[in-house]
Amino acid sequence: MTKRFLPGKWLPVWIALSAVLIVAGVVLFSLFGFNYVSPEKKTVEISYDAVVFIEEKEDKLAEECEKVFAQSGLDYTGKRTDSELDMSYISETGNYLLVYTFSSDVKDDVLVKAADDLQKAIDADANLNLNGTISVSAHTLAGEQFHEGSWRAAIALGVAAIVALVYVGFRFGWADAITGLIACVNDVLLTLSLFALVRIPVYAYGPVLFAGIAAVFSVICWLVQCMKMRENFKDPAFASLTAQEAVGLSVAGSWKFACCFLIPVAVVFAVLGAVASSGLRLFLLPVLLPLAVSVYSSFLLAPAVLVPFKSKFDKMKSSRKKYVGKKKAEAQE
Amino acid sequence: MGRIKSAIVLTLITLIIAVLCVVCFVPFPWGSDGIHYFNPIINWADRTSDFGGYQYGEEAGYLGGSYSVVFYPEGVVSAKEYRDNSETESEKEYVAYSNGAIYLDKEEVCGGGTEPTEEFKTAFAAQLDCLKERFSRLHAEGVSLEVRDGYTVRATLPSSMDASVAAFLYFSYMGDVTVLYGTSSDAASASQVIPETGKDAKPASEYIKGASMRSNMGTAFVEIDFTDAGLDLLSSATSGAADSTGYLFLQVGGETVVNLSVSEQIHDNLYISGSYTNDSAKIVAYTIDTALSSEAELPALSMGELHHVDGNFEGLTLGSFTLNALNIFYIAFGILFVAMAVFFLIRYGRLGFANILSYLLFLPLMVLIYWAVPITVGAGSIAAFAISSVLLCVSNAVAYEAARKEYAVGKTITSSVKTGYKKTFWHIFDLHIVLVIVALLVYLIAITELSLFGLALTFGVALSGICSLLVNRFLWFVTMGLSKNPGKFCHYKREEVEDDD
């Protein structure tokens, strides 16, 4: 006889694992908080007027800038040209702003020196600074957070997860819905704990948003399990099995099905994250963490939690079946 | 379906898909003058600044991108402005701050010293809070505020928003709210009605409860909600309006934000409509409302130059060529699309074409939806598109696998497809319906980028459901008609049964 996977037996292990990680996360969070990304970035801005544009000296100007940055040992992370607009007509004035973005790690004095050197180099080049209006300045920018967006995002995802669980309850039974809810809460807490533990850098809005995403992933992964269980439990072969054996067998057979969905999602986020700009990468790659947590809970924790609920609900169902009513019993006879 | 019929239907479908793809993605010359170009629909969709924008037409109008402005408190000037003035003259009045990025007025900001005074710092913090409140209330994606060099603020608004330039101007107004009334259209000759002047002067919030944006039957208007005391003052001031037209001015920090003619006595709250759009009504209402709730009397901010930001060109740098987020997305999408096509063609043989065709139909339809709704192309809508795409391909794969199992146990291909779809219908349906519910709730409750994600995901998942359950099944039926051996066509095999003898 082949050895069957009995998820109920592992329940204490998964509870202990989740509890240890969550407690450790809470401790680390209370000591150090989350590893927030500095909202700071640094720029060097070069403003020039229409003469530079008309004389087609823009490429030469950019070349000069990049030469000076290279000499100063600076690597820029972004480059753009903003066009100045007339306030009344929203039409271009002909003046431009060439903006180079640098990481927040760049030292202020190095950046300021580079900006000064650049200004001197431009001023010295009569062929470039045609009428002496090119101006260079170094800036430090600190992003401000709009907190309303974060808390509304978390509420939205939380409400969506609960409504989806209610759907699961109606469609697949309340044992599945209660288990899904427990898994969902676990995933939210575990995701936050892991962010505190592994020190993944996040934006200020990150923890709340990733917790919400974990809730949604959790519900979707559990939904896939519920579908598979519903399909399997119709099979007469499952009728003779205990709740523990039936859940275990179904979960063991659902790996392939769930992987079909989860692996492509993970690949898409990983590929987009790998090539994305630095700002987007800080959102796309950490999404893999709530995804991993929801895989853990839907394949290991939730099936173990489901076993006692399913036993209880199955018993209730069978006891309800026993009493069919006097008249109905007579009619059946 | 016979082979000829299949071939004809498949050709027609391919032509429709090709036309849709060209209309959505390919720019081409239009006419013989060499000037006019057909702009594909993907370029018509609004984009956030991360995904690039560009100017259309000669003078006005931008597609995508954003506008940005730097706000300066009184007594703070940019390094450029400092240099543009006579440096020797300026040195007497200003001190350099933040390594010379900005210059502070020695007297006004630093109180004669070289560092900003506590009073200035407190006032700037209050101004920043007020700006944050105003910009966050817009609930628009792509809105950002950054403190620049300690004491200036860089604000960014999406160019897709109506009246974004007006927002910069109005949001720079700070200070007391006043209501003036006069018989001339010149505010300077009007007399102050609210707040009452005199010994027992009270703040404007004692007379005006707040201001809000309302919209009814497509008309946007600003509602000014007065207290009883405010209505009494207004009513007595406008008592003669029925005889001669009067003019009412609502000012913030001495700058007029609402200007209207009055032809009858005012007894009730004001509902001001006219040329407002939803966005411009919001801007006016939030300017007044936040000024009313400000505890301290704040000085106005002055605005630097207005700039159009085409895109934040961050990410991959290839030599001197830097890719923006949209180009990076195109590359990532191309890699994933090829990977998907190769996987389906290897695993399901020529049946893979059914999936590729259904995906190629899904793709332009999503672009059309983004343009028609409209949904701004940004990080949220791209993520929603990616999830919907995965969902469509996975749903198709699930149906193919279910049919494979049925075929393996000896059923005919037609029966396998029918049973396969019957078995997987509720799986696919449940997954899609739950995702649509989740996405719709996220759209309704969340704001900005996440709301956009919810909206895009709602449409994406719904379209994925239709493409998977209807289009893909139809395409399977059509493509299979081309083959004499449908099992081989789908790379399906029968289970081998061992003979007992």
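Residues numbered from 1 in each chain as written. Chains lettered and ligands numbered in written order. Predicted model: local features only at pLDDT ≥ 70, side-chain atom pairs only at ≥ 80, totals over all residues.

Trainee: Residues and numbers for the overall build of chain B, please.
Mentor: Summing up its helical and strand segments, chain B has 14 helices and 21 strands in all. Reported as C-alpha extents along the three principal axes, the dimensions of chain B are approximately 115 × 60 × 55 Å. Counting only contacts in chain B whose residues sit at least 6 apart along the sequence, the fraction spanning at least 24 positions is 67%. (Helix = DSSP H or I, 4+ residues; strand = E, 2+ residues; numbered from the N terminus. Contact = placed C-beta atoms within 7 Å.)

Trainee: Just give me the short version of the overall build of chain A, but keep the residues and values in it.
Mentor: Across its full length, chain A carries 13 helices and 4 strands. For 333 residues, the compact-globule formula gives about 20 Å, and the C-alpha radius of gyration of chain A, at 30 Å, lies well above that figure. Taking the principal axes of its C-alpha atoms as reference, chain A extends roughly 110 × 45 × 35 Å. Classification of the 333 residues of chain A by burial places 42% in the buried group. Pairs at least 24 residues apart make up 79% of the contacts formed inside chain A by residues separated by at least 6 positions. (Rg over C-alpha atoms; globule rule 2.2 N^0.38 Å. Buried ≥ 20, exposed ≤ 12 C-beta atoms within 10 Å, placed from the backbone.)

Trainee: Summarise the domain arrangement of chain B; cite the residues concerned and give the values.
Mentor: Residue and element names in this part refer to chain B. What the domain assignment reports for chain B is domain 1 (3-22 + 317-489), domain 2 (59-69 + 96-174 + 301-311) and domain 3 (176-293). Taken together, the contacts link 14 residues of domain 2 with 14 residues of domain 3. Of all elements in the fold, only α5 (118-137) and α6 (164-171) reach the threshold of two or more residues within the side of domain 2 that touches domain 3. Here the residues of the side of domain 2 that touches domain 3 are counted per class, giving 10 nonpolar, no polar and 4 charged. (Domains from an automatic or database assignment. Nonpolar A, V, L, I, M, F, W, Y, C, P; charged D, E, K, R; others polar.)

Trainee: I'd like a rundown of the pairing of strand β8 (residues 102-105) of chain B, residues and numbers included.
Mentor: Along a regular strand, successive side chains alternate from one face of the sheet to the other. All names here are of chain B. Pairing analysis gives 3 bridges linking strand β6 (residues 76-78) to β8, with the strands arranged antiparallel. Counted as the bridge partner of S78 is I102 from β8. Here strand β7 (residues 94-97) runs beside β8; their pairing, made up of 4 bridges, is antiparallel. Note that in β8 the partner of A96 across the bridge is Y103. In this antiparallel pair of consecutive strands, β7 and β8, the connection spans 4 residues, and S98 shows a positive phi of 50 degrees. (Pairing = 2+ DSSP bridges.)

Trainee: Break down the domain arrangement of chain A for me, citing the residues and quoting the values.
Mentor: According to the domain assignment, chain A consists of domain 1 (7-36 + 145-318) and domain 2 (41-141). Domain 1 of chain A and domain 2 of chain A are separated by 48 Å when their C-alpha centres are compared.

Trainee: Residue-level account of helix α13 (residues 448-480) of chain B, with values.
Mentor: All names here are of chain B. Helix length check: α13, at 33 residues, gives a terminal C-alpha distance of 45 Å against a target of 48 Å (1.5 Å per residue), a fit within 8%. The sharpest bend along α13 comes to roughly 35 degrees, located at C467. Most of α13 sits out of view: 25 of its 33 residues are buried. (Expected span 1.5 Å × (residues − 1). Bend = angle between axes of the 7 residues up to and from the residue.)

Trainee: Which residues make up the interface of chain A and chain B, and what values go with them?
Mentor: Listed by partner, the interface residues are 57 residues for chain A and 58 residues for chain B. Listed by contribution, the elements that provide at least two residues to the side of chain A that touches chain B are β2 (78-85), β3 (92-102), α4 (108-124), β4 (135-143), α5 (147-172), α7 (206-233), α10 (255-275) and α11 (278-284) of chain A. It is α5 of chain A that provides the largest number of residues to the side of chain A that touches chain B, a total of 13 residues. Class assignment for the residues of the side of chain A that touches chain B results in 33 nonpolar, 15 polar and 9 charged.

Trainee: How would you sum up the packing of helix α1 (residues 11-32) of chain A against helix α6 (residues 174-198) of chain A? Please name residues and give values.
Mentor: Residues and elements named next belong to chain A. Between α1 and α6, the shortest axis-to-axis distance is 8 Å and the interhelical angle comes to 50 degrees. On the basis of the axis angle, α1 is oblique to α6. Two packed elements cross with a definite hand, and for α1 against α6 that hand is left-handed. In this structure, α1 contributes S18, L21, I22, A24, G25, V26, L28 and F29 to the contact, and α6 contributes N186, L189, L190, L192, S193, L194, A196 and L197. (Axes fitted to C-alpha atoms, helices over the stretch in contact; angles between N-to-C directions. Parallel < 35°, antiparallel > 145°, perpendicular 65-115°, else oblique. Left-handed = near helix turned anticlockwise from the far one by under 90°.)

Trainee: Provide a residue-level description of α5 of chain B, including the pertinent values.
Mentor: The terminal C-alpha atoms of α5 of chain B, which comprises 20 residues, lie 29 Å apart, in line with the 28 Å expected from a rise of 1.5 Å per residue. For α5 of chain B, the set of buried residues is F120, A123, F124, Q127, C130, L131, R134, F135 and S136 of chain B. For α5 of chain B, the elements touching its buried residues are α5 of chain A together with β9 (144-148), β10 (152-158), α6 and α8 (278-293) of chain B. Positive backbone phi, at 50 degrees, marks H139 of chain B, one or two positions downstream of α5 of chain B.

Trainee: How would you sum up the sheet that holds strand β14 (residues 219-226) of chain B? Please name residues and give values.
Mentor: Residue and element names in this part refer to chain B. Read across the sheet, 3 strands follow the order β13-β14-β17 without closing on themselves; strand pairing throughout is antiparallel. Either end of the sheet is taken by a strand with one partner, and the two such strands are β13 (208-216) and β17 (270-272). Strand after strand, the sheet turns through a mean of 20 degrees between neighbouring axes, direction not considered. One ladder, built from 8 bridges, connects β13 with β14; its direction is antiparallel. When the bridges of β14 are listed, N216 appears paired with T219. The sheet strands contacting α8 are β13 and β14, and the helix crosses β13 at an angle near 170 degrees.

Trainee: Break down the sheet that holds β7 of chain B for me, with residues and values.
Mentor: Residue and element names in this part refer to chain B. Judged by pairing direction, the sheet is antiparallel, and its 3 strands sit side by side in the order β6-β8-β7 without closing on themselves. Pairing within the sheet leaves two strands with one partner each, and these edge strands are β6 and β7. Going from strand to strand, the sheet's axes swing by 30 degrees on average, the running direction of each strand aside.

Trainee: Let's hear about unusual backbone geometry: which residues, and what values?
Mentor: Residue and element names in this part refer to chain B. Of note, the bond from I194 into P195 is cis; its omega dihedral lies within 30 degrees of zero at -5 degrees. Here P195 is to be found in the loop between β12 (191-194) and β13. The omega torsion across V373 and P374 is -5 degrees, close enough to zero to call that bond cis. With respect to the element layout, P374 can be found in the loop between α10 (352-372) and α11 (379-408). Even without being a glycine, S98 presents a positive backbone phi close to 50 degrees. Residue placement: S98 occurs in the loop between β7 and β8.

Trainee: Please give an account of the nonpolar core that cites residues and values.
Mentor: If you look at the biggest cluster of nonpolar residues, it comprises 129 residues, and the most contacted ones within it are L157, V216 and V219 of chain A together with V442 of chain B. At 19 residues, the largest contribution of residues to this core is made by α11 of chain B. Excluding its chain neighbours within four sequence positions, the residues that come into contact with V219 of chain A are A161, A164, L165, G180 and C184 of chain A. (Core = buried A, V, L, I, M, F, W, Y, C linked by C-beta atoms within 7 Å.)

Trainee: Give a detailed account of the confidence of the model for chain A, specifying residues and quantitative values.
Mentor: With 92% of its residues at a pLDDT of 70 or more, chain A has an overall mean of 83. Within chain A, helix α13 (residues 326-332) of chain A has the poorest average pLDDT of any element, 65, and α1 of chain A the best, 92. (pLDDT = per-residue confidence, 0-100.)

Trainee: With reference to specific residues and values, describe the environment of H36 of chain B.
Mentor: Assignment of secondary structure puts H36 of chain B in the loop between β1 (28-29) and β2 (37-38). By C-beta crowding, H36 of chain B is classed as exposed, having 10 other C-beta atoms within 10 Å.

Trainee: Account for the packing of α5 of chain A against α7 of chain A, with residues named and values stated.
Mentor: Residues and elements named next belong to chain A. Remark: α5 packs on α7, axes separated minimally by 8 Å, with the N-to-C direction vectors making an angle of 10 degrees. For the element pair α5 / α7, the angle class is roughly parallel. When α5 is examined against α7, the residues S150, W151, A153, A154, L157, G158, A160, A161, A164, L165, V168 and F172 are found in contact with a partner set consisting of V208, L209, A211, G212, I213, A215, V216, V219, L223, C226 and R230. Considering only residue class, the contact of α5 with α7 consists of 19 nonpolar, 3 polar and 1 charged.

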